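Analysis of the macromolecular model
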Amino acid sequence: MAQIPNLDNSPLNLKALREQSQKELVDILRNIRGKKCLVIDPKLSGSISLIIQTTILRENGAELRHLSAEPIQTDCTKVVYLVRSEFSLMRLICSNIHHDMSQGLQREYYVYFAPRREVVCEKVLEEEKVHNLVTIGEYPLYMVPLDEDVLSFELDLANKECLVDGNTSSLWHIAKAIHKLESSFGVIPNVRAKGKASVRIADILNRMQAEDPVNSSDMVMPEINTLILIDREVDMVTPMCSQLTYEGLLDEFLHINNGAVELDPSIMGAQQEGKKMKVPLNSSDKLFKEIRDLNFEVVVQVLRQKATSMKQDYTEMTTTHQTVSELKDFVKKLNSLPEMTRHINLAQHLSTFTSKHSFQSRLDMEQTLVEAQSYDICFDYIEELIQKQEPLVSVLRLLILFSITNSGLPKKNFDHLRRELLHSYGFEHMAMLNNLEKAGLLKKQESKGNWLTIKRNLQLVSEDTDTANPNDIAYVFSGYAPLSIRLVQHAVRSGWRSMEETLRLLPGPHSEMKRGGFSSSSSFDKLHGAPAAVDRVADGRRSLVLVVFIGGVTFAEISALRFLSAQEAMAYDMIIGTSKIINGNTLIETCMEKLGVNL
């Protein structure tokens, strides 16, 4: 199965966006005549693999390499570097070029920055005296479709940069990506933002529209009705909880990267030795599309039913006389056997984690922390984990959850746990703890918290969640409704006005604005929950809401949005945009970026 996702059923023409990105890359290669060595920044290569097949790159004369500290081994006289604008990558390029010069090799060098060049990077090339040897260009890859309803801006460190480093360059990048969408699909008339970064992006977007206007003819209805921008900082509780959807659990335990997991072939029943096996996970796989958003308990039942049904069909085939039509149907079913086998193997592997007592007790503790009513029990549990030296990230997730739901920890307890952590895991983690404090994830209690009020107002905890036949988004965490998605639910149904009081209890400002001259149109005055004629664009499709998460989104939240969109009372399709797909582990690990500590 191809790793490049099938975008045919996307509610927005993401296929055209991807084809544009393909064309731009092919044009770069064609403009450099003859054979050339395309050296790709390893982190960027995952994104490129979701845009274009490597065979197309080779057909256009490219020999493929990954950028590393090692000199480039190639017979090509033209070397094309495709990299993100990062200081460390410039050093590697300079090192490569200096090595070639020392060997007397004469080559033409091209450096293409994705998505745009940065002065600081060009300065490095100048300092290393290679600037005059290099032709510089840009590859404007601002977003990558991960699936038919998910766009990633591939900004791994956006959350840390904004909250810890005070670097807001990623906000311009996100605004630029949305502005590019508007160039293709029209000016988005409604914008609702919650959080410091989100409100800023909304402002940048308006400035971009003023400086570089998208032609919004009054005759053409924009394809995207509403843009909802939400800072990750507004809801840090959700990523710290264990995701319980199938795709969410796959990410928690196997880490989905660029729409695929890499794992030991033995898990998939293969015999390969040593080499990791890449298993693509996107909606091109029909069975995955059907089960990805279900609670894992239900997935196991669905797979069991499908396997039993196939077994019965096989028994009937071998014991009774079948018509040609029945034979044809059976063969059709057999075609889905590889998908069935793949997901039975993956589900079986996940069960080895979820069936452990430690996993169940962790879920119970997360529920207790979200309830925020048994302080001493939670404190003792976390202290015990530290003493047992459980994996550091795993401990920190609970500690952060504890800190947020209690609006920080009393100074005495905070200092005690901080000291215990450093004694147990090493003082090299001090900088990381400082980063988590800077980001507001760990803090000392200074005032009475408002979590209980937020939880009550937004009905975040559901006592009786039916995971098999859910009627609420709480099924994705077996009883906890993600705060971020509750906000989206309200924003779509009635805008921010109806929940001003609750919004003020959450971090950062909020804003609501109309744009592009559509404010007089009744269909844009309010987003109603019930389907109505005004909620359809000209060709009869449902109107579209773009929900953008600044700082990352989890797969469980994506599942919750898909669930919302599928409800009869919801008149809108949804597309999700995110700086990166995250989970609690990856979010915390970004705070360790500069420490070189392997968790």
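Quick caveat: nothing in here was measured; it's all calculated off a predicted structure.

**Examining the side chain of K455**
- Within the secondary structure, K455 is located in helix 20 (residues 451-457).
- On the accessibility criterion, K455 (12% relative accessible area) is buried.
- In contact with K455, not counting residues within four places along its chain, are V370, E371, L460 and V461.

**With respect to the packing of helix 15 (residues 357-371) against helix 17 (residues 392-405)**
- At a closest axis distance of 9 Å, the pairing of helix 15 and helix 17 adopts a crossing angle of 20°. Compared by their axis directions, helix 15 and helix 17 come out roughly parallel. Of the two elements, helix 15 crosses helix 17, and the hand of that crossing is left-handed. Every residue of helix 17 that contacts helix 15 at R362, E366, L369 and V370 is listed here: S394, R397, L398, L401, F402 and T405.
- Residue composition of the contact of helix 15 with helix 17, by class: five nonpolar, two polar and three charged.

**Focus: the pattern of salt bridges**
- Summed over all chains, the structure comprises 36 salt bridges.
- With a shortest N-O distance of 3.9 Å, D415 and K444 are connected by a salt bridge. Highlighted residues: D415 in helix 18 (residues 411-425) and K444 in the loop between helix 19 (430-438) and helix 20, separated in sequence by 29 residues.
- You can call K444 partly exposed: its relative accessible area is 34%.
- Note that R418 is salt-bridged to E437, the shortest N-O span being 2.9 Å. A residue pair is termed long-range when its members are at least 10 positions apart, and R418 in helix 18 and E437 in helix 19 qualify at 19 residues.
- Overlapping salt bridges bring together D147, D149, E247, R292, D293 and R562 as one network.

**Digging into empty space enclosed by the protein**
- Evaluated as defined, the whole model comprises three cavities of 30 Å³ or more.
- If you add up the space inside the largest cavity, you get close to 70 Å³.
- Surrounding the largest cavity, L399, L409, F414, L417, R418, L421, L433, E437 and L442 form its lining.
- For the lining of the largest cavity, the secondary structure elements donating two or more residues are helix 18 and helix 19.
- Take the lining of the largest cavity: its biggest share by element is four residues, from helix 18.
- Considering only residue class, the lining of the largest cavity consists of seven nonpolar, no polar and two charged.

Quick notes on the rules
Residues numbered from 1 in each chain as written. Predicted model: local features only at pLDDT ≥ 70, side-chain atom pairs only at ≥ 80, totals over all residues. Heavy atoms only, no water. Helix = DSSP H or I, 4+ residues; strand = E, 2+ residues; numbered from the N terminus. Buried < 20%, exposed > 50% of the residue type's maximum accessible area, 1.4 Å probe, protein only. Contact = heavy atoms within 4.5 Å. Axes fitted to C-alpha atoms, helices over the stretch in contact; angles between N-to-C directions. Parallel < 35°, antiparallel > 145°, perpendicular 65-115°, else oblique. Left-handed = near helix turned anticlockwise from the far one by under 90°. Nonpolar A, V, L, I, M, F, W, Y, C, P; charged D, E, K, R; others polar. Salt bridge = Lys/Arg side-chain N within 4 Å of Asp/Glu carboxyl O. 1 Å grid on protein atoms, 1.4 Å probe; cavity = no way out; pocket = protein on both sides within 12 Å on 5 of 7 lines; lining within 4 Å. Points joined across faces, edges and corners; volume = space filled by probe spheres on them.

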